[in-house]
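Examining the three-dimensional arrangement
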Amino acid sequence: MDVQKIREDFPILSRTVYGKPLVYLDNAATTQKPRLVIDSLVDEYYSVNANVHRGVHYLSQQATELHESSRETVRQFINAHSTNEVIFTRGTTESINLLVSSFGDEFMQEGDEVILSVMEHHSNIVPWQLLAARKGIAIKVIPMNDKGELLLDEYEKLFSERTKIVSVMQVSNVLGTVNPVKEMIKIAHEHGVPFLVDAAQSIPHMKVDVQELDADFLVFSGHKIYGPTGVGVLYGKEEWLDRLPPYQGGGEMIQHVSFEKTTFNELPFKFEAGTPDYIGTTGLAKALDYVNGIGIEQIAAHEHELTTYALKRLKEIPDMRIFGEAADRGAVISFLVGDIHHFDLGTLLDRLGIAVRTGHHCAQPLMQRFGIEGTVRASFALYNTKNEIDVLVAGIDRVRRMF
Ligand code: PLP
């Protein structure tokens, strides 16, 4: 993998910040976009733009073809059985809200239970709490050890007669832990319970195959895998999606409407009310093609090398505390240095041109588990280099000496 050549595909990487070369290490929040993704958005607005599905005219048909071929690209990327199983949404958060609302309405009653993990992102906690407030369901939480690994024995003990669904992230956006979701799905299925995988942080970094995992539902955002913002995916097994009620009402999700009764469209349109972000879905497909062109295994190997190198270098810094030491980990490192506030460290690194994230990373229960308020987080993507890690380490050292 020629990283220098890859970097040329990402125009933003050559800009400066405060007169310093940009070192972008906030990829878990969002990734930068290659030129071909940006161009695809502009090109479609320039020469194809028309609303999809409802038009007999040429442009509408062309836009529809692009949109539906993007669905096929996503299907192949995650190895779904059918495009009926690929629902376009605005992103991971909307996908989870959709699922919680529809699944909760249809399959959960007061006293029923959902199993989450202690390291979940707020997007996979709050929708369940809203459901709990509406319907009186209970939330059970899988604990973890100090390394940031979920305790599978405890997980098994959480199942009861009332467990209706499990919803867990594949990779932690804070600790980098890669959770053994395949094994966890198998356990859930042994209890007759479906499983939702939050793949927001796994899809850009590893092969995600919904059939191999046997996931019932899986969600991700386009913007974290080099695609545009505002578009994401809910994958669901067709037999589940068929049984779920629609989420929002409006255009495209209907078959026939009268004031007496409305019948709903077939999958996947049943869950896609209103004009979809058809320009965004084209951009997402281009991003997935781009990743395929490089090869997800090559990307994973490069990021693994970077992460190993970064862990080694960061540990050379005195008073360094790294959160998350799971045996199987991804390209995210959270840390604190001595008693320097994470916000101060992040702000001073920014002045050196280094973009990292500070705060609770939308995982406050996880912060509570460690008894901290927040961390600094560096997260890597396919275009990052060892040199950038050296710049980060030198930057942290400089800030440390200032304090
Ligand atoms: N789940 C995880 C694990 C995440 O890391 C994120 C974003 O950081 C989300 C969900 C929410 O994604 P989005 O804001 O794209 O909906």
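Note that the coordinates shown come from a computational prediction; the quantities given were computed from them, not determined experimentally. (Residues numbered from 1 in each chain as written. Predicted model: local features only at pLDDT ≥ 70, side-chain atom pairs only at ≥ 80, totals over all residues. Heavy atoms only, no water.)

**Some details on unusual backbone geometry**
Note that the residue after Leu 267, namely Pro 268, is joined by a cis bond; omega there is 0 degrees. Here Pro 268 lies in the loop between strand E12 (262–264) and helix H10 (278–294). Phi at Tyr 226 is positive, roughly 70 degrees, even though this residue is not glycine. With respect to the helices and strands, Tyr 226 occurs in the loop between strand E9 (217–221) and strand E10 (232–236). Relative accessible area serves as the criterion here: at 0%, Tyr 226 is assigned to the buried category. (Helix = DSSP H or I, 4+ residues; strand = E, 2+ residues; numbered from the N terminus. Buried < 20%, exposed > 50% of the residue type's maximum accessible area, 1.4 Å probe, protein only.)

**Re the site of the ligand**
Surveying the vicinity of the ligand reveals the residues Thr 92, Thr 93, His 121, Ser 123, Met 169, Asn 173, Asp 198, Ala 200, Gln 201, Ser 221, His 223 and Lys 224. Taking His 121, its side chain carries an N or O atom lying 3.4 Å from an oxygen atom of the ligand. Here an oxygen atom of the ligand sits 2.7 Å away from a polar atom, N or O, in the side chain of Lys 224. Surface burial for the ligand is 84%, taken as the share of its 390 Å² of free accessible area covered by protein chains. Residue composition of the shell around the ligand, grouped by class: two nonpolar, eight polar and two charged. (Near = heavy atom within 4 Å. Polar contact = N/O pair within 3.5 Å; in protein donor to acceptor, adjacent residues only side chain to side chain. Areas by Shrake-Rupley, 256 points an atom, 1.4 Å probe, with all protein chains shown as cover. Nonpolar A, V, L, I, M, F, W, Y, C, P; charged D, E, K, R; others polar.)

**Topic: the nonpolar core**
Counting residues in each nonpolar core, the largest one holds 67 residues, and the members touching the most others are Tyr 155 and Phe 195. In terms of residue count, the dominant contributor to this core is H10 (six residues). Counting contributing residues per domain, this core is built from domain 1 (3–30 + 296–402) and domain 2 (38–292), each supplying no fewer than three. For Phe 195, the residues in contact, after removing those within four places along its chain, are Tyr 155, Val 166, Val 168, Val 181, Met 184, Ile 185, Ala 188, Ala 215, Asp 216 and Phe 217. Residues Leu 306, Met 320, Val 356 and Ile 389 belong to the second largest nonpolar core, which totals 28 residues. (Core = buried A, V, L, I, M, F, W, Y, C linked by side-chain atoms within 4.5 Å. Domains from an automatic or database assignment. Contact = heavy atoms within 4.5 Å.)

**As for the UniProt feature "domain: Aminotransferase class V" (unreviewed entry) in the protein**
The UniProt feature table records "domain: Aminotransferase class V" (unreviewed entry) at residues 23–392. Between the first and last C-alpha atoms of residues 23–392 the distance is 8 Å; the span itself is 40% helix and 17% strand. (UniProt positions renumbered as here; feature names shortened; annotations may be inferred.)

**Topic: a nonpolar patch on the surface**
There is a patch of nonpolar side chains on the surface, built from Ile 38, Val 42 and Tyr 46 and spanning about 320 Å² of accessible area. Structurally, the position occupied by Ile 38 is in helix H2 (residues 35–47). On the basis of relative accessibility, which here comes to 34%, the residue Ile 38 falls in the partly exposed class. (Patch = residues over 30% accessible without salt bridge, like charges linked within 9 Å, V, L, I, M, F, W, Y side chains within 5 Å. Salt bridge = Lys/Arg side-chain N within 4 Å of Asp/Glu carboxyl O.)

**A short note on the sheet that holds strand E13 (residues 320–323)**
On the basis of which strands lie adjacent, the open sheet formed by four strands has the order E13-E14-E17-E16 and antiparallel pairing. Because the sheet does not close on itself, it has two edges, and the strands there are E13 and strand E16 (357–359). Averaged over all neighbouring strand pairs, the angle between strand axes comes to 30 degrees, with direction disregarded. Alignment of E13 against strand E14 (residues 332–337), held across four bridges, turns out to be antiparallel. From the neighbouring strand, Arg 321 faces E14, where its bridge partner is Leu 336. (Pairing = 2+ DSSP bridges. Axes fitted to C-alpha atoms, helices over the stretch in contact; angles between N-to-C directions.)

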